[in-house]
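Descriptive structure summary
What follows is each chain in one-letter form.
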Amino acid sequence: MDGHFERVTAANGVVYYCCRALPARHGFSTRLGGVSTGAYAALNLGLSSGDAEANVMANRDRWREALGLAVAPHTVHQVHGAEVQVLTSACREPAATRQADALVTSQADRPIGVFTADCGPVLMAAPAGAAVAAVHAGWRGTLAGVAAEAVEALVREGRCDAGQLVAALGPMIRGCCFEVGEEVVEAFTSAPWFTPAFVQRREGARPHLDLPGLLRRQLAHAGLREDHIHDAGLCTMCQVEEFHSWRRDGAVSGRLQAVIVPSGDAA
């Protein structure tokens, strides 16, 4: 794990990870500290997961409390694409009504978040956390360039250069576990930031894709300094006790959330 990351246990028992290099309040959830039971134990934050709604809503309250938020994070309907929603003071539409896979805002009262269950959560901040981004990046979104699109939007909103941004990659499926078809590898070969080093080949197995490596490379290609890109190094599929994983658990998998808030009082 990157030395800038730390594991936090909140007063209410919720466990999450954060990156000290990221200049904004934020957190990457784990599955620890919630009220769900069985396959969804314990902190499942996904209403579409099949878990009891009452449990999910209680978990969301506990997650919000752990991060010190008075309002729920703004979310979107994630579709594995590259659309970015920029939230302004005039944008007050209900949560999750727009299809997008990244959010950007400089509104201090607008926590933003993305849900994952193996896909890559990327949180980014402009200097002093004046503007922030939350990105949901599976292989399709990564191929579509969602992280680069979020960088472009964050640069505009934060009125800064890409080289000033800081990014944190949270828990996601990694090359140790992420098997894909040859057609997926072939699709990536035309990306200007792709190299064969992101594909591991093992005898008798399908290719394994290094999703965080691809995201780091895409962010660097978009202008971020490599020493400003931090990776938690945590695998959702491997680390059963701490994370939900759709690849591992299928239809009964819970959902994680990555949340970030611009600087200022979000409460």
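All of the points below concern the structure found in this document. The model shown is predicted, which means the values in this text are computed figures rather than measured ones.

Turning next to the pairing of strand β9 (residues 166-169). Moving residue by residue along a regular strand, the side chains alternate between the two faces of the sheet. By the alternation rule, side chains of β9 split into V166 and A168 and A167 and L169, which are all buried. The pairing of strand β7 (residues 120-125) with β9 spans four bridges and is antiparallel. Paired with L123 across the two strands is A168, which belongs to β9. Pairing analysis gives three bridges linking β9 to strand β12 (residues 229-231), with the strands arranged parallel. Residue L169 lies in a different strand from β12, and its bridge partner there is D231.

Under the definition given, this model contains 11 salt bridges. With a closest N to O distance of 3.8 Å, R20 and E6 form a salt bridge. Separated by 14 residues along the polypeptide, R20 in the loop between β2 (15-19) and β3 (25-29) and E6 in strand β1 (residues 5-9) bring together distant segments of the chain. Between D227 and R225 there is a salt bridge, with the nearest N and O atoms lying 2.6 Å from each other. Of the residues examined, D227 reaches a relative accessible area of 46% and is grouped as partly exposed. Overlapping salt bridges bring together R174, R216 and D231 as one network.

This part takes up helix α1 (residues 53-67). Along an α-helix, residues three or four apart share an orientation, since each turn contains 3.6 residues. End to end, α1 covers 21 Å across 15 residues, agreeing with the expected 21 Å (1.5 Å per residue, within 8%). The secondary structure elements touched by the buried residues of α1 are β2, β3 and β13 (256-261). Positive backbone phi, at 75 degrees, marks G68, one or two positions downstream of α1.

Turning our attention to unusual backbone geometry. Here the bond from A41 into A42 is cis, since omega is -5 degrees, no more than 30 degrees from zero. Summarising the element assignment, A42 is placed in the loop between β3 and α1. The backbone of A128 shows a phi angle near 65 degrees, a positive value even though the residue is not glycine. Positive phi is not limited to glycine here, since R159 has a value of about 50 degrees. Mapping R159 onto the fold places it in the loop between α3 (146-158) and β9.

Counting residues in each nonpolar core, the largest one holds 43 residues, and the members touching the most others are M124, L209 and L219. Looking at this core, the element that brings in the most residues is α3, giving six residues. Counting residues in hydrophobic clusters, the runner-up holds 24 residues, among them A24, L123, V166 and L234.

Each value, and the rule that gives it
Residues numbered from 1 in each chain as written. Predicted model: local features only at pLDDT ≥ 70, side-chain atom pairs only at ≥ 80, totals over all residues. Heavy atoms only, no water. Buried < 20%, exposed > 50% of the residue type's maximum accessible area, 1.4 Å probe, protein only. Helix = DSSP H or I, 4+ residues; strand = E, 2+ residues; numbered from the N terminus. Pairing = 2+ DSSP bridges. Salt bridge = Lys/Arg side-chain N within 4 Å of Asp/Glu carboxyl O. Expected span 1.5 Å × (residues − 1). Contact = heavy atoms within 4.5 Å. Core = buried A, V, L, I, M, F, W, Y, C linked by side-chain atoms within 4.5 Å.

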